[in-house]
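Here are the chains, one letter per residue:
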Amino acid sequence: MPKASAEKVNTAHSSNWVDKAREAAPALRPHAAANEAAGCLTSPTLDTLRENGFFTMLAARPFGGAEVSPVEALEVYETLCEADAAAGWVVMASNVAIGSASGYLPTEGARKVFSGGIPIIAGNGGPFGRADVDGKGFRLSGRWSYGSGVLHSQWIHSGGRVFENGKPRVNPVTGQPEVRTFIVPTEQAKMLGNWDVVGLRGTGSVDYEFNDVFVPEEFTHFPDANVAQQGGNLFRLGIVGMSPLGHTGAALGIARRALTELAALAESPDGRPSRLAVQGGDDQFQENYGLAEGQLRAARALCYEVWRDISDTLGAGNPVQTRQYTLARLALVHVTNTAADVCVFAHKAAGGISIRDTALQRCFRDMFTASQHRIVSNSFAKDCARDLLGQAADKIWAIRGLIDRPVEIKPL
């Protein structure tokens with residue numbers, strides 16, 4: 001499998017990331033089928049992504065990162081996922097792990113991880129591992145499923161629950177069982193090679209495991225961190241914001257590509273026989289296409305409204321508020337449902353053509369794979385409603401939803 005080397009180009013002052021994504025898109029499109037067949041991104045795709053510095057977008061500036069604004073990152077993710085959902089998915093998922101490691105690891109550990117440039121860091125941050133305290137570090141064991149983009153990584157980002165003397169250790173700030181994110185060299189993991197999925201096949205998101213691997217404490221950070229150890233205002237966003245940002249861009253890009261492919265089919269008499277290909281669609285098709293276009297554009301407008309507001313807040317050096325996270329989560333749930341509906345419409349409208357090995361079929365499969373991720377679940381709409389109804393004054397957002405606002409426990 002191809003692996004990208006650490007990105008060594010300082011792109012912190014790149015002029016326009018969205019322009020770079022638009023210019024890269026034509027180079028990504030031709031390799032989407034090859035990525036699927038390989039089960040991971042092929043060298044031409046990885047080379048394009050690395051040469052344009054897309055793995056540096058959320059990395060801290062002291063390590064050569066760009067710390068781009070969330071609204072700019074959103075449009076980059078959208079553009080890359082429209083070109084090839086697998087490529088865009090690996091970029092957005094890796095940026096969460098790269099950005100959080102660069103911003104939240106203790107300085108000593110961060111310098112070691114980023115000493116040779118900005119590496120690709122990927123994995124699953126869910127707390128599925130067990131980390132037993134061992135001196136100035138931890139012994140990490142466990143198995144993680146769906147490690148987004150992990151086959152392309154040099155380091156793996158994984159969550160685990162901390163145990164001390166055989167018992168769960170309590171976080172003294174929250175009073176809850178302690179959870180950490182562990183950054184571990186990829187070669188210390190066992191890849192389980194089971195990426196047998198419907199869509200996003202080119203992402204190389206296999207299951208993996210660690211068995212009693214020692215991780216020094218400086219290679220760990222708290223998953224809910226929003227105070228930078230290095231870097232600037234971007235890191236006030238936290239993983240709780242970085243992750244929804246990426247999934248929002250993926251849904252927008254995949255749905256846009258589906259409508260683009262459908263429009264191209266309607267405009268051309270070529271291709272396999274179907275009423276759509278020959279006639280350009282009947283009145284019913286045109287009505288439904290117009291509705292789908294309006295629904296996607298409306299969902300996109302909400303997403304950009306929300307993320308522009310968050311970007312302005314971060315740019316001013318202010319913390320992101322609970323209501324802003326609420327609207328970001330609500331926009332994500334809404335756009336995921338909308339994008340899935342758009343892809344269903346495109347799949348049905350194309351008739352038999354959509355069951356062939358085409359970009360349109362890939363959009364359908366990729367979107368329904370993306371919609372299975374826990375972070376886009378409709379269940380989060382309930383938490384959003386609680387805040388919007390004024391029932392969450394004592395709550396804050398974490399990756400898993402609204403939680404009680406931590407109150408520091410003072411020693412007796």
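Residues numbered from 1 in each chain as written. Predicted model: local features only at pLDDT ≥ 70, side-chain atom pairs only at ≥ 80, totals over all residues. Heavy atoms only, no water.

Colleague: Account for the UniProt feature "domain: Acyl-CoA dehydrogenase/oxidase N-terminal" (unreviewed entry) in the protein, naming residues and giving values.
Modeller: Residues annotated in UniProt with the feature "domain: Acyl-CoA dehydrogenase/oxidase N-terminal" (unreviewed entry) correspond here to residues 22–98. The span residues 22–98 carries 66% helix and 0% strand; its end-to-end C-alpha distance comes to 23 Å. (UniProt positions renumbered as here; feature names shortened; annotations may be inferred. Helix = DSSP H or I, 4+ residues; strand = E, 2+ residues; numbered from the N terminus.)

Colleague: Any chance you could break down the environment of Leu-234 for me, citing the residues and the numbers?
Modeller: Within the secondary structure, Leu-234 sits in the loop between β8 (220–221) and α7 (239–267). Taking C-alpha positions, Leu-234 is 8.0 Å from Pro-70, a pair spaced 164 residues apart along the chain. For Leu-234, the residues in contact, after removing those within four places along its chain, are Leu-58, Glu-67, Val-68, Pro-70 and Leu-314. (Contact = heavy atoms within 4.5 Å.)

Colleague: Quick one: what's the story with helix α5 (residues 85–104), residue by residue and with numbers?
Modeller: Each α-helix turn comprises 3.6 residues. Residues three or four places apart therefore point the same way. The end-to-end C-alpha distance of α5, which contains 20 residues, comes to 28 Å, matching closely the 28 Å that a straight helix rising 1.5 Å per residue would cover. Summarising burial for α5: 20 of the 20 residues are buried, a large majority. (Expected span 1.5 Å × (residues − 1). Buried < 20%, exposed > 50% of the residue type's maximum accessible area, 1.4 Å probe, protein only.)

Colleague: Please give an account of the nonpolar core that cites residues and values.
Modeller: Core analysis: the biggest nonpolar cluster contains 123 residues, and Leu-49, Phe-54, Ile-121, Phe-210 and Leu-237 have the highest contact counts within it. With residues up to four places along the chain from it excluded, the contact list for Leu-49 reads Leu-28, Leu-41, Phe-54, Phe-55, Leu-80, Ala-87 and Val-91. (Core = buried A, V, L, I, M, F, W, Y, C linked by side-chain atoms within 4.5 Å.)

Colleague: Break down helix α10 (residues 322–349) for me, with residues and values.
Modeller: Along its 28 residues, α10 runs 40 Å from first to last C-alpha, staying within 8% of the 40 Å computed at 1.5 Å per residue. Gly-351, located one to two residues past α10, shows a positive phi value of around 65°.

Colleague: Break down the environment of Ile-156 for me, with residues and values.
Modeller: If you trace the backbone, Ile-156 turns up in strand β3 (residues 155–164). For the pair Ile-156 and Val-133, spaced 23 residues apart in sequence, the C-alpha to C-alpha distance is 20 Å. Setting aside residues no more than four positions away along its own chain, Ile-156 makes contact with Ile-121, Ala-122, Gly-123, Val-150, Phe-182, Ile-183, Val-184, Thr-186, Ala-189, Met-191, Tyr-208 and Phe-210.

Colleague: Which residues make up the side chain of Asp-84, and what are the values?
Modeller: Within the fold, Asp-84 resides in the loop between α4 (70–83) and α5. Look at Asp-84: it is buried, it has no salt bridge, and the nearest opposite charge is Arg-362 at 4.8 Å. Those residues in contact with Asp-84 that sit more than four places away from it in its chain are Leu-28, Ala-32 and Asn-35. (Lys, Arg positive; Asp, Glu negative; His and termini not counted. Salt bridge = Lys/Arg side-chain N within 4 Å of Asp/Glu carboxyl O.)

Colleague: Please set out the packing of aromatic side chains residue by residue, giving values where relevant.
Modeller: This model, assessed by the stated rule, comprises 13 aromatic pairs. With a centroid separation of 5.9 Å and 75° between ring planes, the pair formed by Tyr-208 and Phe-210 is classed as edge-to-face. Assessed through its relative accessible area of 0%, Tyr-208 is described here as buried. For the ring pair Phe-364 and Phe-368, a centre distance of 5.2 Å and an interplane angle of 45° mean the geometry is tilted. Of this pair, Phe-364 and Phe-368 both sit in helix α11 (residues 359–370), separated by four residues, roughly a single helical turn. Judged by its relative accessible area of 24%, Phe-364 is partly exposed. (Phe/Tyr/Trp six-rings, centres within 6.5 Å; stacked < 30°, edge-to-face > 60°.)

Colleague: I'd love a proper account of the packing of α4 against helix α9 (residues 283–315), names of residues and values included.
Modeller: When two helices pack together, their arrangement is given by the angle between the helix axes and the distance between those axes. Running from N to C, α4 and α9 point in directions that differ by 145°, and their axes come no closer than 7 Å. In this structure, α4 uses Pro-70, Val-71, Leu-74, Glu-75 and Glu-78 to contact α9, whose residues at the interface are Arg-300, Cys-303, Tyr-304, Trp-307, Arg-308, Ser-311 and Leu-314. The class makeup of the residues in the contact of α4 with α9 is seven nonpolar, one polar and four charged. (Axes fitted to C-alpha atoms, helices over the stretch in contact; angles between N-to-C directions. Nonpolar A, V, L, I, M, F, W, Y, C, P; charged D, E, K, R; others polar.)

Colleague: Hey, could you go over the pattern of salt bridges for me, with residue numbers and the actual values?
Modeller: Inspection of every chain in the model, using the stated rule, returns 22 salt bridges. As a salt-bridge pair, Arg-50 and Asp-47 come within 3.7 Å of each other at their nearest N and O atoms. Of this pair, Arg-50 and Asp-47 both sit in helix α3 (residues 43–51), three residues apart, which is roughly one turn of that helix. By relative accessible area, which is 32% here, Asp-47 ends up partly exposed. One salt bridge connects Asp-383 with Arg-386, and the closest N-O pair in it is separated by 3.3 Å. A residue pair is termed a helical-turn pair when its members lie 3 or 4 positions apart in one helix, as Asp-383 and Arg-386 do in helix α12 (residues 380–388) at three residues.

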